[in-house]
Amino acid sequence: MRIEFGSDDHSARQPIAGRWLACGSRTVRTLSYGRPCDARGDEQVPRNGHRKWLRSISGGAVGARNLVSLGFGQAVFAATSWGIVSVIAVLGSAEAVGQLAFALAIVTPTYSFAKLRLRSVVATDVDAQQSLPDYAATAFLGAVLALPACLLIAVVTDADGELLAIVGLVALSRAFEAGSHLSYGYQQRSDEMTSVGVSVTSRGLLTLALVAGAFALTESVVWAGAMMALAGGLTFGLFDLRMLGAGLREGDAPPHPSLRNVRRIAAATLPLGGFALLMSLTDNIPRLMLNSESGLAELGVFAAFGYVVTGAMALTRALDSAATPRIGRALADRDPALLAERVRGLIVMSSMIGAAGLILAVTVGEPFLRVAFGSEFAAYSTEFVTER
């Protein structure tokens with residue numbers, strides 16, 4: 001709960017949501033996530049030594065349901081991402097997988113920076129210090145500027161015409177995804193993550209269906225990239241834009257963004273974008289170097305293993321997405337005990353997911369690769385365990 005202290009006369013301070021309460025000699029405002037205060041005016045923070053890790057991360061039964069819903073969506077999306085690579089590997093070749101991996105190695109770091117982690121920023125801005133139209137304008141500007149940047153990087157790396165087309169189409173799909181992520185951040189802040197799970201699930205299934213159909217007919221990664229862009233645009237237009245539009249219309253925020261506020265948001269989130277860029281480069285620079293040294297086929301094998309790892313990462317991202325607004329509220333409340341409890345639970349569950357993935361890679365890695373990608377990939381089972 002965020003508490004604001006004030007005088008007995010609070011006619012000039014109208015709460016956005018919640019109600020004013022008298023706690024001791026002080027006047028406080030409680031929001032929808034508020035907890036009662038004691039006789040001294042201090043917030044009563046429930047303590048339960050037997051609280052389960054899931055509840056400690058998500059913040060209660062509602063948060064646990066949100067975590068399950070979002071976790072399911074992320075798991076489906078990770079499975080469909082792996083399915084796309086599997087389809088291209090089985091119906092095509094390791095070189096075809098390498099073409100897609102090359103495009104993603106350029107597009108992913110660029111858009112990781114361009115998105116400026118605005119999803120997390122919006123989700124944790126529980127006080128609405130900046131308006132949603134300002135956030136939306138910042139996200140739009142970043143998505144538009146990142147697309148030609150991706151093409152420029154592809155030209156510098158001596159990509160041929162086919163690879164250049166794949167890079168452009170994959171970049172377009174990520175531009176739509178940037179808008180979806182902004183909508184997800186707004187819904188996370190409102191604890192409406194069921195709709196986020198539906199959107200993520202729909203986007204994954206639609207992308208897999210369109211890409212599989214197009215590649216089966218054409219055996220062209222260019223058409224696969226076009227279907228990725230189409231699926232991203234349809235999901236954003238049919239699901240996420242409607243949710244984002246509702247957020248843009250509510251409240252007393254101005255209908256149009258302020259250029260000064262956009263600059264302020266961009267400056268404040270630039271370090272977050274830089275951090276996301278560095279994290280993405282650690283995965284994608286080796287892929288670009290591998291392509292330069294060994295070619296697209298070797299890159300395709302290496303990248304296919306990375307998509308398997310994406311499944312475990314999707315689960316940890318679901319945990320992070322569910323915990324982020326709750327951790328933000330604990331920070332706003334200046335409650336170190338509650339903050340430590342939720343962060344500790346997040347670390348423990350993420351570590352368990354990683355350990356389980358390593359065990360599975362060691363025990364069933366080779367047969368899994370043969371079934372999922374074919375014998376061409378199964379020959380690299382030792383490298384699969386190393387990457388995992």
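What counts, and at which threshold
Residues numbered from 1 in each chain as written. Predicted model: local features only at pLDDT ≥ 70, side-chain atom pairs only at ≥ 80, totals over all residues. Heavy atoms only, no water. Axes fitted to C-alpha atoms, helices over the stretch in contact; angles between N-to-C directions. Helix = DSSP H or I, 4+ residues; strand = E, 2+ residues; numbered from the N terminus. Parallel < 35°, antiparallel > 145°, perpendicular 65-115°, else oblique. Left-handed = near helix turned anticlockwise from the far one by under 90°. Contact = heavy atoms within 4.5 Å. Nonpolar A, V, L, I, M, F, W, Y, C, P; charged D, E, K, R; others polar. Core = buried A, V, L, I, M, F, W, Y, C linked by side-chain atoms within 4.5 Å. Buried < 20%, exposed > 50% of the residue type's maximum accessible area, 1.4 Å probe, protein only. Patch = residues over 30% accessible without salt bridge, like charges linked within 9 Å, V, L, I, M, F, W, Y side chains within 5 Å. Areas by Shrake-Rupley, 256 points an atom, 1.4 Å probe, with all protein chains shown as cover. Salt bridge = Lys/Arg side-chain N within 4 Å of Asp/Glu carboxyl O.

**So, the packing of helix α5 (residues 132–156) against helix α6 (residues 161–189)**
- α6 packs onto α5 with a crossing angle of 165° between their chain directions and a minimal axis gap of 9 Å. Comparing their axes, α6 and α5 come out roughly antiparallel. As for how α5 packs across α6, the hand of that crossing is right-handed. Counting all contacts with α5, which are made through Leu132, Tyr135, Ala136, Ala139, Ala143, Leu147, Cys150, Leu151, Ala154 and Val155, the residues of α6 involved are Leu164, Val167, Gly168, Ala171, Leu172, Ala175, Ala178, Leu182 and Tyr186.
- Within the contact of α5 with α6, the residues separate by chemical class into 18 nonpolar, one polar and no charged.

**Observations regarding the nonpolar core**
- Formed by 46 residues in total, the largest nonpolar core has its most connected members in Leu100, Phe102, Tyr111, Val167, Val170, Phe373 and Phe377.
- The set of elements that each furnish at least two residues to this core consists of α2 (61–91), α3 (94–114), α5, α6, α7 (193–218), α8 (221–249), α10 (296–333) and α11 (336–373).
- Ranked by residue count, the leading element in this core is α3, at twelve residues.
- Not counting chain neighbours up to four residues away, the residues in contact with Val170 comprise Leu100, Ala103, Leu104, Val107 and Met228.
- Counting residues in hydrophobic clusters, the runner-up holds twelve residues, among them Val122, Tyr135, Leu182 and Leu244.

**A word on a nonpolar patch on the surface**
- On the surface, Leu230, Leu234 and Leu238 cluster together into a nonpolar patch covering about 260 Å² of accessible area.
- Of note, Leu238 is situated in helix α8.
- Residue class for Leu238 comes out exposed when judged on its relative accessible area of 59%.

**Description of the side chain of Thr138**
- Tracing the sequence through the fold places Thr138 in helix α5.
- On the basis of relative accessible area, Thr138 is assigned to the buried category, the value being 4%.
- Apart from the residues lying within four places of it in its own chain, the contact partners of Thr138 are Leu116, Leu118, Val262, Ile265 and Ala266.

**A short note on unusual backbone geometry**
- A positive phi angle is found at Leu116, which is not glycine, with a value near 55°.
- Along the chain, Leu116 turns up in the loop between α3 and α4 (118–124).
- For Arg117, which is not a glycine, the phi torsion comes out positive at approximately 55°.
- Structurally, the position occupied by Arg117 is in the loop between α3 and α4.

**Brief notes about the pattern of salt bridges**
- What the rule picks out here adds up to three salt bridges.
- A salt bridge links Glu177 to Lys115; its shortest N-O distance comes to 3.6 Å. Of this pair, Glu177 sits in helix α6 while Lys115 sits in the loop between α3 and α4, and the two are 62 residues apart along the sequence.
- Using a relative accessible area of 13% as the deciding quantity, one classes Glu177 as buried.
- Counted as one network, the salt bridges with shared partners bring together Lys115, Arg174, Glu177 and Arg203.

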